[in-house]
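Coordinate analysis (summary)
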Amino acid sequence: RVLVGNLIGEDHVNYVLMYNMLTGIRIAVSRCQAKIKRPLTDEDFTARHKFSFDIVGNELTPSAKYDFKFKDYAPWVFRDLREDYFQLDPADYLLSLTAKYILSELGSPGKSGSFFYFSRDYRFIIKTIRHSEHKFLLSILKDYHAHVKNNPHTLLSRFYGLHRVKLPRGRKIHFVIMNNLFPPHKDVHETFDLKGSTVGREYPEEKAQKNPRAVLKDLNWINRDKMLELGPEKRALLTEQLRRDSEFLKKVRVMDYSLLVGIHHVQRGNRDNLRSNTLKVFSPSVPAIRRKNTQLKGSRSPEAIAMRRAMRESDPKRLGAETLDLPEEDTGDRQQFIFYQDEGGIQATNETNEPMDTLYYLGVIDILTPYSGVKKMEHFWKGLSADRHKISPVPPNEYGDRFFAFMKAIMRGGGGGGRFKAE
Ligand code: ATP
Ligand code: CA
Ligand code: CA
């Protein structure tokens, strides 16, 4: 299956940033990966590795196209998360993110101002985050690691890396690498971002009819009479995992997160090609890859191996063309996770556990907003004009309880009194 995208050349505003991010990841990750695995220590949680890139290069960092600095935060912790808990193959990870130097950019940035980039194979997302979110992730990293360790089937965003690029004129860009909840091989026909809050949580229906890629919200879900159709076992497992995950989020005092729900209708299949035109391709020159490959000649480092594989796999004639090949088949890389085991998601089932026509792609996203002073103020002001308990910025305990109650209520037979009432 071939998707058409927009080509982003070296003159694109974000091309340099993109190039720097990927070069930094490639060097930093392969440096860490090249060492023999050892148990984590306390220091690993606060460690940061610095790299300085320039066009000349030195014995530590190979030459790059631009001057920039790169910081890798808690590399051993993220390596541990990736390999031991999220079950990523190290070479695969490097290859997906960096080999072809091609990523696509997701539409226009949201209201937070973050940018999203997909890896070439659609498996990973790079999200630029605010400095406050960055500091917050570092501050909860130990708790997050422990939660993931104790909850292998967690629905929380899977963070694979935390990095920073610093451009010559001093601009610092923080970003995380995380899982794309949506699969490369299936169109998502409907998307909902659910918070359990009803105030202002509606995407205009008339616009939604025209735009199948719109991200719908709580009130759209209620007005469309949607239900998560899961048989008793799956429902019990999902409820319990959501309970644990929301308890964790209450404990670390975050709010504003959502359950992202992607729905694929099996009968409808992939004929709508919904992802085409949403993808833009960052394309480097083939010579740049060839040059890198020559530099690393003879080396047996994971980086060099990944680059050689990339070189073999990239047909120079096709590289830089305005198409993306996405697979038709599940790669099966998520099969050990309960909620991601059916085609990368979870298949709907009826009360007697017979499969239904729908696949769900579920996860709890945007989990780095602490209930800070800013949000407290927003709570105060918004609370003056609307019901204090229904607006989205409420304190973490209330937010978490309301979130969990909503998710229980939208599961068929979930004991939430059936339908969620929109008062
Ligand atoms: P805001 O703070 O305004 O909500 P944000 O920039 O923090 O925005 P998110 O809420 O994290 O952005 O995500 C925005 C949208 O991007 C989501 O509603 C979803 O459609 C998509 N998205 C985010 N994370 C993922 C993911 N892991 N997998 C698939 N899609 C995602
Ligand atoms: Ca959000
Ligand atoms: Ca956010």
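For the structure itself, look to the data block above.
The following paragraphs examine the structure supplied in this document. All of these numbers come straight from a predicted model, not from anything done at the bench.

Let us look at the overall build of the protein. Check the secondary structure of the protein and you find 11 helices and 16 strands. Counting over 423 residues, the protein shows a buried share of 53%. Relative to all contacts within the protein whose residues are 6 or more apart in sequence, the contacts with residues 24 or more apart total 73%. As presented, the protein carries roughly 18800 Å² of accessible surface, and 53% of it is formed by carbon and sulfur atoms.

Tallied over the entire structure, the rule returns 14 aromatic pairs. Measuring from ring centre to ring centre gives 4.6 Å for Phe53 and Phe68, while their planes differ by 10°; the resulting arrangement is stacked. In this pair, Phe53 sits in strand 3 (residues 48-53) while Phe68 sits in strand 4 (residues 68-73), placing the two residues 15 residues apart along the sequence. With respect to class, Phe53 is no different from Phe68; both count as buried.

Where a metal carries four tetrahedral donors, each ideal angle is 109.5 degrees; where it carries six octahedral donors, the ideal angles are 90 or 180 degrees. Donor atoms from the polypeptide that bind the calcium ion (ligand 3) are Asp366 (OD) and Asp366 (OD), placed at 2.4 to 2.5 Å. Between the calcium ion (ligand 3) and the calcium ion (ligand 2) the interatomic distance comes to 4.3 Å, and Asp366 is a ligand of both metals.

Glancing now at the packing of helix 4 (residues 131-150) against helix 7 (residues 232-251). Their axes nearest at 11 Å, the elements helix 4 and helix 7 cross at an angle of 170°. Accordingly, the angle class assigned to the pair helix 4 and helix 7 is roughly antiparallel. When the axes of helix 4 and helix 7 are compared, the crossing they make is right-handed. Residue-level inspection shows Asp143, Tyr144, His147 and Asn150 of helix 4 in contact with helix 7, the latter providing Arg244, Asp245, Phe248 and Lys251. Split by residue class, the contact of helix 4 with helix 7 holds 2 nonpolar, 2 polar and 4 charged.

As a packed pair, helix 1 (residues 15-33) and helix 2 (residues 75-85) sit with axes 10 Å apart at the nearest point and diverge in direction by 80°. Accordingly, the angle class assigned to the pair helix 1 and helix 2 is roughly perpendicular. Each of Val29, Cys32 and Gln33 in helix 1 lies in contact with helix 2, whose residues at this interface are Pro75, Trp76, Arg79, Arg82 and Glu83. Broken down by class, the residue content of the contact of helix 1 with helix 2 amounts to 4 nonpolar, 1 polar and 3 charged.

Here we take up the side chain of Asp80. Tracing the sequence through the fold places Asp80 in helix 2. Judged by relative accessible area, which is 8%, Asp80 ranks as buried.

Looking now at the sheet that holds strand 11 (residues 215-216). Note on sheets: strands pair through backbone hydrogen bonds, and any given pair is parallel or antiparallel. Pairing in this open sheet of 5 strands is mixed, and the strands run 11-10-12-16-15 from one edge to the other. Strand pairing shows two members of the sheet lacking a second neighbour, strand 11 and strand 15 (346-349), which therefore form its edges. Strand direction decides the pairing type here: strand 12 (residues 258-265) and strand 16 (residues 355-365), joined by 8 bridges, are antiparallel. The residue of strand 16 that forms the bridge with Val261 is Leu362.

Close contacts around ligand 1 come from 15 residues, with Ser112, Lys127, Asn179, Leu181 and Asp193 the closest. In the model, an oxygen atom of ligand 1 is placed 2.9 Å from a nitrogen or oxygen of the Lys127 side chain. Between ligand 1 and Leu181, the relevant distance is 3.0 Å, taken from a nitrogen atom to a main-chain nitrogen or oxygen of the residue. Protein chains shield 85% of the accessible area of ligand 1, which is 620 Å² for the free molecule. Sorting the residues of the shell around ligand 1 by element identifies strand 7 (124-129) and strand 9 (172-179) as the ones contributing at least two each. By residue class, the composition of the shell around ligand 1 is 7 nonpolar, 4 polar and 4 charged.

Conventions used here
- Residues numbered from 1 in each chain as written.
- Chains lettered and ligands numbered in written order.
- Predicted model: local features only at pLDDT ≥ 70, side-chain atom pairs only at ≥ 80, totals over all residues.
- Heavy atoms only, no water.
- Helix = DSSP H or I, 4+ residues; strand = E, 2+ residues; numbered from the N terminus.
- Buried < 20%, exposed > 50% of the residue type's maximum accessible area, 1.4 Å probe, protein only.
- Contact = heavy atoms within 4.5 Å.
- Areas by Shrake-Rupley, 256 points an atom, 1.4 Å probe, with all protein chains shown as cover.
- Phe/Tyr/Trp six-rings, centres within 6.5 Å; stacked < 30°, edge-to-face > 60°.
- Donors = N, O, S within 2.8 Å, 3.2 Å for Na, K, Ca; no water.
- Axes fitted to C-alpha atoms, helices over the stretch in contact; angles between N-to-C directions.
- Parallel < 35°, antiparallel > 145°, perpendicular 65-115°, else oblique.
- Left-handed = near helix turned anticlockwise from the far one by under 90°.
- Nonpolar A, V, L, I, M, F, W, Y, C, P; charged D, E, K, R; others polar.
- Pairing = 2+ DSSP bridges.
- Near = heavy atom within 4 Å.
- Polar contact = N/O pair within 3.5 Å; in protein donor to acceptor, adjacent residues only side chain to side chain.

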